[in-house]
Amino acid sequence: MEKRSISFSPPDISEDEINEVAETLRSGWITTGPRVKEFEKRLSEYYHTRRTVCLSSATAAEELILCIIGIEKGDEVIVPAYTYTSTAAAAIHAGATVKFIDSQPDSCEMDYDAVEAAITERTKAIIPVDIGGVICDYDRIFEAVKNMKNKFKPANELQEAIGRVPVVADCAHAIGACREGKMAGEIADFSSFSFHAVKNLTTAEGGAATWRTVQGIDDEKLYRQFQLYSLHGQSKDALSKTQLGTWEYDILGPWYKCNMTDIMGAIGLRQMERYGGLLERRKEIVNRYDSMCDELGLKHLIHYGENHKSSAHLYMARVPGIDVKERNSIIAEMAERGIACNVHYKPLPMMTAYKNYGWEIKDFPNAFHYYEEEITLPLHTQLSDDDVEYVITNFTDVVKKHL
């Protein structure tokens, strides 16, 4: 078989996106403007929420969510040990103390019993992560926060209205995923999405925040708060200031600068029109990879089931019984054959920044065991059927040497 070059996750950009960006550049309006507003509207329609705020990244979205909830120094935020740094970093940026939770045995999901046990009077948010595009067990998460609501001490009007620890979903991988008839975005109290270049739906960089309506809280007021936090606390956005005679504005707080541009919104609008087909192609590839893994006796994420459908963002396979050295050897052998593989994720307690906070991986044995067996295969819509077959043939050949 002739050697191919298989990238891990290149963006899928068509002439539609390119033309829309060109029109945006010609329009003279390239920062936050009409295209971002339209993108926000279509996103909310897609995952059934009333409002969405588009921002510069999912990390910014999560950070603003935590700020709007009212996270302060001394508060605790519960985060899985098995995730990317942005999940924890946003909580740290907001001033919180992170409490890492180990994974369940043989899973990348948090141990929900441990989550419930970790809730204290200082806990002000839980951040589950929909890794690979597979939605977490939010029924169990909500059960946990309701069971412990007597420990919740609200510090502001929003916290009082929620009445328990808020659930803030990290849906960076999960746009288009659903569980029991509900879309990622309409399940948790607040949700953040990523449109980074490696994501299923991209705006090059970018992200979004959305939320479920909270009884007694005005959605438009929340939207306005997000706008203020994302634009320096400026009382008028640039679009409003262009109206004749309306230059004057106020600064209501010394806040952040993390808005999305219309150039990014233009890409997102055209990506959304194609997204149904992109998800279907990902499903086709996942099904072929599943057949390979099942035949080899490998473990993998379950992307599709009776009550859930994944966005198929990552194909995370595991080779039972291998260690980190063997896993890295498999990845190196795949690279020699022109196939880029990855690992999702190296648990955060293994990273220097988090070790400096005092975390040790020995306290998270399930997360470490999942990590040492995990290999992520290329999964994207630039793969042809022949490319997929090339990955399957070579991965099968390489892995058999290690079984």
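Reference entry: report on the structure contained in this document. (Residues numbered from 1 in each chain as written. Predicted model: local features only at pLDDT ≥ 70, side-chain atom pairs only at ≥ 80, totals over all residues. Heavy atoms only, no water.)

In this section: the sheet that holds strand S12 (residues 315–318). Strand order across the open sheet formed by three strands is S10-S12-S13, with antiparallel pairing between neighbours. The open sheet is flanked by strand S10 (299–300) and strand S13 (374–377), the only strands paired with a single partner. By the bridge criterion, two bridges tie S10 to S12 in an arrangement that is antiparallel. Residue pairing in the sheet places His 300 in a bridge with Ala 317 of S12. The strands that helix H10 (residues 262–296) touches are S10, S12 and S13; relative to S12, the one it contacts most, it runs at about 0°. (Pairing = 2+ DSSP bridges. Helix = DSSP H or I, 4+ residues; strand = E, 2+ residues; numbered from the N terminus. Contact = heavy atoms within 4.5 Å. Axes fitted to C-alpha atoms, helices over the stretch in contact; angles between N-to-C directions.)

Another aspect to go through is the pattern of salt bridges. Applying the stated criterion across every chain, the model contains 30 salt bridges. Salt-bridge contacts for Asp 189 lead to Arg 164; the nearest nitrogen and oxygen are separated by 2.8 Å. With Asp 189 in the loop between strand S7 (182–183) and strand S8 (190–194) and Arg 164 in the loop between helix H7 (157–162) and strand S5 (168–170), the pair connects residues that are 25 residues apart, well separated along the chain. Residue classification places Asp 189 among the buried positions, given a relative accessible area of 5%. A residue is classified by how much of its surface remains accessible, and Arg 164, at 9% relative accessible area, is buried. One salt bridge connects Arg 281 with Asp 385, and the closest N-O pair in it is separated by 3.0 Å. Remark: Asp 385 occurs in helix H14 (residues 385–400) and Arg 281 occurs in helix H10; sequence separation between them is 104 residues. On the basis of relative accessibility, which here comes to 16%, the residue Arg 281 falls in the buried class. Classification of Asp 385 as partly exposed rests on a relative accessible area of 45%. Taken together, the shared-partner salt bridges in this structure form one network comprising Glu 20, Arg 35, Glu 38, Arg 42, Arg 270 and Glu 273. (Salt bridge = Lys/Arg side-chain N within 4 Å of Asp/Glu carboxyl O. Buried < 20%, exposed > 50% of the residue type's maximum accessible area, 1.4 Å probe, protein only.)

Below, the discussion takes up the packing of aromatic side chains. Considering all chains together, one arrives at 16 aromatic pairs under this definition. Ring geometry for Tyr 47 against Phe 193: centres 4.9 Å apart, planes inclined by 5°, an arrangement best described as stacked. In this pair, Tyr 47 is assigned in helix H2 (residues 34–47) and Phe 193 in strand S8, connecting sequence segments 146 residues apart. The pair Tyr 47 / Phe 193 is uniform in exposure class, with both members buried. Relative to Trp 255, the ring of Tyr 229 lies with its centre 4.6 Å away and its plane at 15°, an arrangement referred to as stacked. (Phe/Tyr/Trp six-rings, centres within 6.5 Å; stacked < 30°, edge-to-face > 60°.)

Time to look at the pairing of strand S3 (residues 97–101). Both strand S2 (residues 76–80) and S3 contribute to a ladder of five bridges, which runs parallel. Note that in S3 the partner of Glu 76 across the bridge is Thr 97. For the crossover that starts at S2, traverses helix H4 (residues 85–93) and ends in the parallel S3, the hand is right-handed. (Right-handed = clockwise from strand over helix to strand, strands pointing away.)

An α-helical turn contains 3.6 residues, so a residue and the one three or four places further along point in the same direction. For helix H13 (residues 365–373), every residue scored as buried is listed here: Ala 367, Tyr 370, Tyr 371, Glu 372 and Glu 373. Among the structural elements, S12, helix H11 (324–336) and S13 are those in contact with the buried residues of H13.

Take the environment of Arg 288 next. Position of Arg 288 among the secondary structure elements: in helix H10. Given the relative accessible area of 28%, Arg 288 is considered partly exposed. Note: C-alpha distance between Arg 288 and Asp 218 (70 residues apart in sequence) is 46 Å. Beyond its immediate stretch of four places on either side in the chain, Arg 288 contacts Asp 385, Val 388, Glu 389 and Ile 392. A distance of 2.9 Å separates polar atoms of two side chains, one belonging to Arg 288 and the other to Glu 389. (Polar contact = N/O pair within 3.5 Å; in protein donor to acceptor, adjacent residues only side chain to side chain.)

This paragraph deals with the pairing of S2. Where burial is concerned, most of S2 is hidden: five out of the five residues are buried. Two elements, S2 and strand S4 (residues 123–126), share three bridges in a ladder whose sense is parallel. Each residue of the ladder has a partner; that of Ile 78, found in S4, is Ile 126.

Together, Trp 247, Tyr 249 and Ile 251 make up an exposed nonpolar region whose accessible area comes to about 360 Å². Judged by its relative accessible area of 60%, Trp 247 falls in the exposed class. (Patch = residues over 30% accessible without salt bridge, like charges linked within 9 Å, V, L, I, M, F, W, Y side chains within 5 Å. Areas by Shrake-Rupley, 256 points an atom, 1.4 Å probe, with all protein chains shown as cover.)

As enumerated under the stated definition, the model contains zero disulfides in all. Here Cys 67 stays unpaired: no disulfide links it, and the sulfur of Cys 258, its closest cysteine neighbor, is 9.2 Å away. Classification of Cys 67 by relative accessible area gives buried; the value is 15%. (Disulfide = S-S within 2.5 Å.)

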